[in-house]
Each structure stands twice: as structure tokens, then as C-alpha cells.
Amino acid sequence: MFKLYENIPLLLARQPNTLKQTVQSIIGRTYTNTLPDRILEKARRSRLGAAAKGPSVYPEEKPKIEQAEYTEADRDYKYIYPDFLPNPVYYFRDKIRERLERIDMMNRRKQISIPEFYVGSILAVTVSDPYASGKTNRFVGICIRRDDYGLRHSFTLRNVIDGLGVEIMYDLYNPTIRSIEVLKLEKRLDDNLTYLQDCPPEYSTIPFDFQPVKLLPGMKVPVNTIKVPLKNKPWRHAWDRKAVRGVILPEVKRFEHEQYMNSSSDFKPYEKWDLMKNYRESIHDDDHHEIIQDIKKFESEITDKQEVVTAAKKLVRTRRIPKEEGSSNEK
């Protein structure tokens, strides 16, 4: 390059016009890199390129797409399996009988799937009926209460059919029950919805073609906070004297309200501080721990059985049955 600049005066003397234009074009040329711009941009945005450039240049992070994260909901076996809990009145307790009943209940649950449901859930129960056309009978309704303990545990469904309220009580471990399907899993404000008998029929009407409502995995059971208005008296029970939260009482006159308040009432808010009453109606921790251990063992056995059945189904699907020789020859 230096020799070129030294010989410029001699070259200009020989061919002034042509060489002058060539030199000016060489000097004025801007040299650029021959790599494509996309490769340079990629190298500049890489972590190595950012480190070489200095701390002021960082690669642009791609926007993260938020995905729904599911967590396992808390499992309170006291409410999921209320039928396994013994009678809180110790006078009616018998540990040997309770142990034998739990074994029978678990054996029954291995034959039929009994789902998790609460008072206020909408269920569909199919039972064997020798007098029905298809030898089965299906009833859809809302669960209004759950009673008794152990093998005697029962639940009641209510529905309004053709303007007439119908209630059917099922024994949970009745061998005639074919299936129990939860159409809508939810709770209510009260553990007993018998007051629906004195409410308008639209709050108890469930169509028989009710479509199931599914919950996302990991979600907690929703609580329906609806309050149902009561009809005017007479009622089947004195609901204004009971501690119910899911009803709207009709308006009454002031002197009638004072009369009810002065009379004997079933609503006793001070009982929640009665330690002896709570002790008599509670279950000992040792008994509760034993029941929970039996339930967890039963759930693990059911899970292992389901995994074996699923693996067997996959094996049957992937197995190829060889064709017979006679059928291939005929073709």
C-alpha cells in the first residue's frame, strides 16, 4: 500500500486521467464485511458476543408463556370419608366391630367406585330394579344429608319431578347400587339441606339430562354460598330456631320475633365454647390415626391395581394377532 502511494506521482504523469480516477475510487471505497447481517446479529446477541462487547450489551430474552400450574389440593380424610369415622358417642363404640366393618367397606369399594361427594353435590345413582324395563333405575338429585356411621352410612337425594318433591335415601354400601356418578361436586353453607323441603321447588329441581361439570386437577372443592328463601309458615321444622346459614327467613312482625327470641330456641351459640361437649363428640387422635392409615393403605392398593389394568390394556392394544394361513390363501 505504501509503494502504491509512492508511485502515484509517476503514474499520474504517464496517464493522468485514468490513474487519477482509479486512485480516487480505491481511496474512497468503504470496505464492509462479507458475512450476512443475520449471522452477525446472531453472534452479537449470543452470550459469548455479549460478554465480549461488555456489560452494556445483553441478549434479549424471549417472552415466557405463562402456563397454568396445578398443585395437589389438601386431602382431609375426615370429610372425604365420613362413613369411616366411628360414632362419636363412646357408649356405642366397639373397636372390634368397627375394624371388621372397615374391612367390609374396603372390600365393597373394590367392587364399585364410590366417588368423593358432599352435602350439596349433584349425584346420579343407578340401582338394580327387577321391576324396571332395563332392570336398572337411575335417579338424579341433590344430596341434602348424610347420616349414620360405618356400614349403616346413608345419603339422601332430592329432586322435584312434575311439581312433586321426591326424596330417596340410599345406603352407601347397598349391594344393589350399580354406580354413583358425581355430576357436580360442591359444598353448601350447611351440613343438612333438609330445609329445601320448605323452599320454592326451583331450588331443588335437577334435570335428568344434567351434564357433568368437571373440576380442574388440583382444585379445591368449591363452596356454593347461595342462600335460599323460605316459604311462609307452616314449616316442617322451626328453621328460625336452628343455626342455619343458607336460608333467607321471611319478614315477620316485631312482636313475633321477640316472642320467638324469648321462647326456647335450638340455636345455642355458646356451645362452641363448651369443652366437655366438644370432647364427648370428638374422636380420639389414636383412633383417627388408625383410620387414616387404613384409608391410605386402601388408596395405594387401588392405585396399584389401576396401574396394572392400564398396563394390560396397553399391552393388548400393541399386540398383533397373526393372520390365519387359510384366510391369506383365500384372498
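What counts and what doesn't
- Residues numbered from 1 in each chain as written.
- Predicted model: local features only at pLDDT ≥ 70, side-chain atom pairs only at ≥ 80, totals over all residues.
- Heavy atoms only, no water.
- Core = buried A, V, L, I, M, F, W, Y, C linked by side-chain atoms within 4.5 Å.
- Buried < 20%, exposed > 50% of the residue type's maximum accessible area, 1.4 Å probe, protein only.
- Helix = DSSP H or I, 4+ residues; strand = E, 2+ residues; numbered from the N terminus.
- Pairing = 2+ DSSP bridges.
- Axes fitted to C-alpha atoms, helices over the stretch in contact; angles between N-to-C directions.
- Patch = residues over 30% accessible without salt bridge, like charges linked within 9 Å, V, L, I, M, F, W, Y side chains within 5 Å.
- Areas by Shrake-Rupley, 256 points an atom, 1.4 Å probe, with all protein chains shown as cover.
- Salt bridge = Lys/Arg side-chain N within 4 Å of Asp/Glu carboxyl O.
- Polar contact = N/O pair within 3.5 Å; in protein donor to acceptor, adjacent residues only side chain to side chain.
- Contact = heavy atoms within 4.5 Å.
- Phe/Tyr/Trp six-rings, centres within 6.5 Å; stacked < 30°, edge-to-face > 60°.
- Lys NZ or Arg CZ within 6 Å of the ring centre and 35° of its normal.

1. What about the nonpolar core?
Turning to step 1, where the next piece is worked out: Counting 27 residues, the largest nonpolar core has Phe84, Val125, Phe155, Leu157, Tyr170, Leu172 and Ile177 as its most contacted members.
Turning to step 2, where the next piece is worked out: Mapped onto this core, the elements with two or more residues apiece are α6 (77–80), α7 (95–111), β1 (122–128), β2 (136–147), β3 (154–161), β5 (177–184) and α10 (285–318).
Turning to step 3, where the next piece is worked out: Looking at this core, the element that brings in the most residues is α10, giving four residues.
Turning to step 4, where the next piece is worked out: Ranked by size, the runner-up nonpolar core spans twelve residues in total, among them Ile144, Leu193, Cys199 and Val247.

2. Things to note about the sheet that holds β5
Strands in a sheet are paired, the pairing made by backbone hydrogen bonds, and the direction either parallel or antiparallel.
Turning to step 1, where the next piece is worked out: Taken together, the five strands give an open sheet; going across it, the order is β4-β3-β2-β1-β5, and neighbouring strands pair in antiparallel fashion. Of all the strands in the sheet, just β4 (164–171) and β5 have a single pairing partner and so form its edges. Strand-to-strand twist in this sheet, taken as the mean axis angle between neighbours without regard to direction, amounts to 35 degrees.
Turning to step 2, where the next piece is worked out: Pairing between β1 and β5: six bridges, direction antiparallel. From the neighbouring strand, threonine 126 faces β5, where its bridge partner is serine 179.

3. Let's talk about a nonpolar patch on the surface
Turning to step 1, where the next piece is worked out: A contiguous nonpolar surface patch, about 380 Å² in accessible area, is contributed by Val89, Tyr91 and Phe92.
Turning to step 2, where the next piece is worked out: Topologically, tyrosine 91 is positioned in the loop between α6 and α7.
Turning to step 3, where the next piece is worked out: Looking at tyrosine 91, the relative accessible area reads 74%, which means it is exposed.

4. Here we look at the pattern of salt bridges
Turning to step 1, where the next piece is worked out: Going through the model one piece at a time under the given rule, you end up with 14 salt bridges.
Turning to step 2, where the next piece is worked out: Across the salt bridge formed by arginine 97 and glutamate 101, the nearest N and O atoms sit 3.2 Å from each other. In this pair, arginine 97 and glutamate 101 are both assigned in helix α7, four residues apart and thus about one turn of the helix distant.
Turning to step 3, where the next piece is worked out: Each of Arg99, Arg102, Glu290 and Asp294 takes part in salt bridges that share partners, so that together they form one network.

5. Re the side chain of threonine 194
Turning to step 1, where the next piece is worked out: Assignment of secondary structure puts threonine 194 in the loop between β5 and β6 (228–229).
Turning to step 2, where the next piece is worked out: Here asparagine 192 takes part through its side chain, which lies 2.3 Å from a polar atom of the side chain of threonine 194.
Turning to step 3, where the next piece is worked out: Setting aside residues no more than four positions away along its own chain, threonine 194 makes contact with Ile144, Arg145 and Trp239.

6. Quick notes on the environment of methionine 105
Turning to step 1, where the next piece is worked out: By the secondary structure assignment, methionine 105 is in helix α7.
Turning to step 2, where the next piece is worked out: For methionine 105, a relative accessible area of 1% translates into the label buried.
Turning to step 3, where the next piece is worked out: Residues within four places of methionine 105 in sequence aside, it is in contact with Asp83, Phe84, Gly150, Leu151 and Tyr173.

7. With respect to unusual backbone geometry
Turning to step 1, where the next piece is worked out: Between lysine 233 and the following residue, proline 234, the backbone shows a cis peptide bond with an omega angle of 10 degrees.
Turning to step 2, where the next piece is worked out: Position of proline 234 relative to the elements: it lies in the loop between β6 and β7 (247–248).
Turning to step 3, where the next piece is worked out: With a phi angle near 65 degrees, lysine 135 is a residue other than glycine that sits in the positive phi range.
Turning to step 4, where the next piece is worked out: Examined against the element boundaries, lysine 135 turns out to sit in the loop between β1 and β2.
Turning to step 5, where the next piece is worked out: Although it is not a glycine, aspartate 162 adopts a positive phi angle of roughly 55 degrees.
Turning to step 6, where the next piece is worked out: With respect to the element layout, aspartate 162 can be found in the loop between β3 and β4.
Turning to step 7, where the next piece is worked out: Judged by relative accessible area, aspartate 162 falls into the exposed class, the value being 81%.

8. Comments concerning the packing of aromatic side chains
Turning to step 1, where the next piece is worked out: One pass over the full model with this rule turns up six aromatic pairs.
Turning to step 2, where the next piece is worked out: A centroid spacing of 5.4 Å and a plane angle of 85 degrees characterise the contact between tyrosine 91 and phenylalanine 92, whose relative ring orientation is edge-to-face.
Turning to step 3, where the next piece is worked out: Between phenylalanine 117 and phenylalanine 155, the ring centres sit 5.3 Å apart and the planes meet at 65 degrees, which makes this aromatic pair edge-to-face. Within this pair, whereas phenylalanine 117 is found in the loop between α7 and β1, its partner phenylalanine 155 is found in strand β3, the two being separated by 38 residues in sequence.
Turning to step 4, where the next piece is worked out: We classify phenylalanine 117 as buried; its relative accessible area is 1%.
Turning to step 5, where the next piece is worked out: Feature note: the residues Phe117, Phe155 and Tyr170 constitute an aromatic cluster, connected by ring pairs.
Turning to step 6, where the next piece is worked out: Over the aromatic face of phenylalanine 117 sits the side chain of arginine 146, whose NZ or CZ is 4.0 Å from the ring centroid.
Turning to step 7, where the next piece is worked out: Here the guanidinium or amino end of lysine 233 rests over the ring plane of tryptophan 235, the centre of that ring lying 5.2 Å away.

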